[in-house]
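# Descriptive structure summary
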Amino acid sequence: MLKKKAIIFSLDAIFAIIIAGIMILACFFYLSQTSTNLYKNQDIYKISLDSLTILEKDNTLKTAVETSNTTIIQQFLNSLSEQHCGNITLYTSSSAAILSAQKTGCTSKNESTIAIRSFVANNSNIYYANMEAWYK
Amino acid sequence: MNKKGILFTITTIFLLLAVFLLSSAYLTRNQELQRTATLSLAGDKLSYIEDDITNNIYSDLLSINLESISRDSYITVVFNHSNLTLSINHSQLIQDYKTFIENNYSTLNNLDIELTGFNNNFSLSPYNSTFIIDNNMIYVYTDNPNNINNIKLVIDVNETSNTSQGQPTNTGDIGVEVNITYGGERFNPSANLDPIINNNPFYINFASGSRIEINFGSYNNQNGVLRINASQLKADISHFEFRYNLLSEKVIIKGGNISITSSIENITKQTEIIIAEE
């Protein structure tokens, strides 16, 4: 009689553990499907869009091409907040790279976003700037 | 004792079920937020692309800038134009830009962009004036030239000595004032002209063989056409003023149209290129 009770008790316990385990695993599975990476990437993408808009509208990109000097772009990149890294490369309309600048102290890239902005310089020639941004 | 056990089991099952449902709801909500965020970003991106392509592009490629639009007893629109010369092919510059945007730029942004009616002219409504900048020539066609009250031009040319100059006689009631400076000299005639006849031009011939000429009147079977021709010289038009009779509608200066399609998010943005509005 005591043996039977013990077996039922053991089976009941095993059954309870299995059900609880399945439930907990299902919860972990659902929670693992959520991601915050998208929001992080959106942030750095929007920073790239804003940066390029500023640099185009205040003629920094145009001046850089016309003087072949990236000092102001470099200063702008260095003024980005501590955790943000960025690289700006200027290209001709036929995609030949002509100038490039990268934030000082930034090297490795995990996940990065890329934004493009076109501009006109040097007697109506067409260029575009490519900004790659990532978290430090 | 048995009852307590059953109660404990049921409570545990309900608690586990609650945690399970909560995590499931969290996942669903998270996915919805991601979808919303993705669409919002796509919308931001299309607006950014539109601004990038259209902002200041007529000024950059056609070298014409709007200075002001003012409304009192007339509507006065003032532009300036630098570098009117044969060596700049405005039509080609616009075509090159259109090609770049529709090919390289579209590919780089993973979008399908189309510019229609995008060329070396723009229109001013409600007067239906069309401004065409073509190499060393500027043409302004106006559907109803009786809406024009006065035209004023201040032009500086890179010449020094003139050989002859001339101006039209008064034929109508649209005032045209011209002020041309060259090598420290000034030529500032004016005349009241009839838009439906082929009036004589305002002109200066220079010793180098170059000539600046301004016509207003009938041209190519259209009345009230203004033409500025900087032949073999470089002209800077520091003041290019059109004064129109008052109409209640808002003044809008429009270029072509732009269509941006993102095939990934299945969104299309189509809009007119508004250069400026009152």
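Before going into details, it helps to say that this report is about the structure given with it. Since this is a predicted model, take the numbers as computed values, not measurements. The written sequence of each chain sets the order in which its residues are numbered from 1. Just so you know, chain letters begin at A and ligand numbers begin at 1, following the order they were written in. For this predicted model, a pLDDT threshold of at least 70 governs which residues receive local features, and a threshold of 80 or more governs which side-chain atom pairs are given and counted, while totals over whole chains, interfaces and linings are taken from all residues. Hydrogen atoms and water are omitted, and side-chain values are computed over all heavy atoms in the structure.

## Concerning the packing of aromatic side chains
Residues and elements named next belong to chain B.
- Pairing of aromatic side chains here covers Phe, Tyr and the six-membered ring of Trp, requires ring centres within 6.5 Å, and sorts the geometry by plane angle: under 30 degrees stacked, over 60 edge-to-face, intermediate tilted. The tally for this structure, following the rule as stated, stands at 19 aromatic pairs over all chains.
- Ring centres of Phe 131 and Phe 242 lie 5.6 Å apart, and the angle between their planes is 70 degrees; on these two criteria the pair is classed as edge-to-face. Here Phe 131, found in strand E5 (residues 129-134), pairs with Phe 242, found in strand E15 (residues 235-245); they are 111 residues apart in sequence, far enough to count as distant. No difference in accessibility class separates Phe 131 from Phe 242, as the two residues are buried.
- One aromatic cluster is present, built from ring pairs that chain together Tyr 58, Phe 79, Tyr 97, Phe 118, Phe 122, Tyr 127, Phe 131, Phe 240, Phe 242 and Tyr 244.
- Its guanidinium or amino end placed over the ring of Tyr 74, Arg 243 lies 4.9 Å from that ring's centre, counting from NZ or CZ. Helix and strand assignments come from DSSP, with helices taken as H or I runs of at least 4 residues and strands as E runs of at least 2, each series counted from the N terminus. With a 1.4 Å probe rolled over the protein chains alone, any residue whose accessible area is under 20% of its type maximum counts as buried; one over 50% counts as exposed, and the rest are partly exposed. Criterion for a charge above a ring: Arg CZ or Lys NZ at most 6 Å from the ring centre, at most 35 degrees from the ring normal.

## Section: the pairing of strand E13 (residues 211-219) of chain B
Residue and element names in this part refer to chain B.
- Sheet topology places strand E12 (residues 202-206) next to E13; 4 bridges connect them, and they run antiparallel. Looking at E13, one finds that Phe 202 is bridged to Ile 214.
- Here a strand pair is declared whenever DSSP counts at least two bridges between the two strands. Linking two consecutive strands that pair antiparallel, namely E12 and E13, is a turn of 4 residues; a positive phi of about 100 degrees is found at Gly 209 within it.
- Two strands pair when backbone bridges link them, and E13 and strand E14 (residues 222-231) are joined in this way by 8 bridges, in the antiparallel orientation.

## Details of the pattern of salt bridges
- Salt bridge, as applied in this entry: a Lys or Arg side-chain nitrogen positioned within 4 Å of an Asp or Glu carboxyl oxygen. Under the defined criterion, the tally for this structure stands at 14 salt bridges over all chains.
- The closest approach of N and O atoms between Lys 46 of chain A and Asp 44 of chain B, which form a salt bridge, is 3.3 Å. In this pair, Lys 46 of chain A is assigned in helix H2 (residues 37-57) and Asp 44 of chain B in helix H1 (residues 2-54), connecting two distinct chains.
- Overall, Lys 46 of chain A belongs to the partly exposed group, its relative accessible area being 31%.
- Ionic pairing is found between Lys 269 of chain B and Glu 50 of chain B, a salt bridge with its closest N-O pair at 3.3 Å. In this pair, Lys 269 of chain B is assigned in strand E17 (residues 267-277) and Glu 50 of chain B in helix H1, connecting sequence segments 219 residues apart.
- Sharing partners across several salt bridges, the network here consists of Glu 56, Lys 57 and Arg 117 of chain A together with Asp 51 and Asp 52 of chain B.

## Topic: the interface of chain B and chain A
- Contacts between chain B and chain A engage 32 residues on the former and 30 residues on the latter.
- As used here, buried area is the combined drop in accessible area, with a 1.4 Å probe, of two parts when they are placed together. When the two sides are added together, the surface that chain B and chain A hide from each other amounts to roughly 3,000 Å², 65% of it contributed by carbon and sulfur.
- Between chain B and chain A we count 4 salt bridges in total.
- Among the ionic pairs, Arg 117 of chain A bridges to Asp 52 of chain B, the shortest N-O distance being 3.7 Å.
- For the purposes of these results, a polar contact is taken to be a pair of N or O atoms within 3.5 Å, where, inside protein, one atom must be able to donate a hydrogen and its partner to accept one; residues adjacent in sequence count only when each atom of the pair is a side-chain atom. For the pair chain B and chain A, the interface holds 8 residue pairs in polar contact (both at pLDDT 80 or more).
- Breaking the side of chain B that touches chain A down by element, the ones donating at least two residues are H1, helix H2 (57-62) and helix H3 (90-108) of chain B.
- It is H1 of chain B that contributes the most residues to the side of chain B that touches chain A, 19 residues altogether.
- Ten residue types, Ala, Val, Leu, Ile, Met, Phe, Trp, Tyr, Cys and Pro, are classed as nonpolar, four, Asp, Glu, Lys and Arg, as charged, and the remainder, Gly among them, as polar. For the side of chain B that touches chain A, the residue count by class is 18 nonpolar, 8 polar and 6 charged. By definition, residues are in contact when any of their heavy atoms lie within 4.5 Å.

## Describing the sheet that holds strand E1 (residues 84-92) of chain A
Residues and elements named next belong to chain A.
- Spatially, 4 strands are ordered E2-E1-E4-E3 in an open sheet, and the strand pairing comes out antiparallel. Lying at the two open borders of the sheet, with one neighbouring strand each, are strand E2 (97-102) and strand E3 (112-121). Taking each pair of neighbouring strands and ignoring which way they run, the sheet shows an average axis angle of 15 degrees.
- Pairing of E1 with E2, which is carried by 5 bridges, proceeds in the antiparallel orientation. If you follow Thr 89 over to E2, its bridge partner there is Ser 100.
- Here the axes come from fitting lines to C-alpha atoms, over the contacting stretch only for helices, and the angles between their N-to-C directions go from 0 to 180 degrees. The strands touched by helix H3 (residues 60-67) are E1, E2, E3 and strand E4 (125-135); relative to E3, the strand with the most contacts, the crossing angle is about 70 degrees.

So far we have only geometry, and geometry alone does not tell us how the molecule works.
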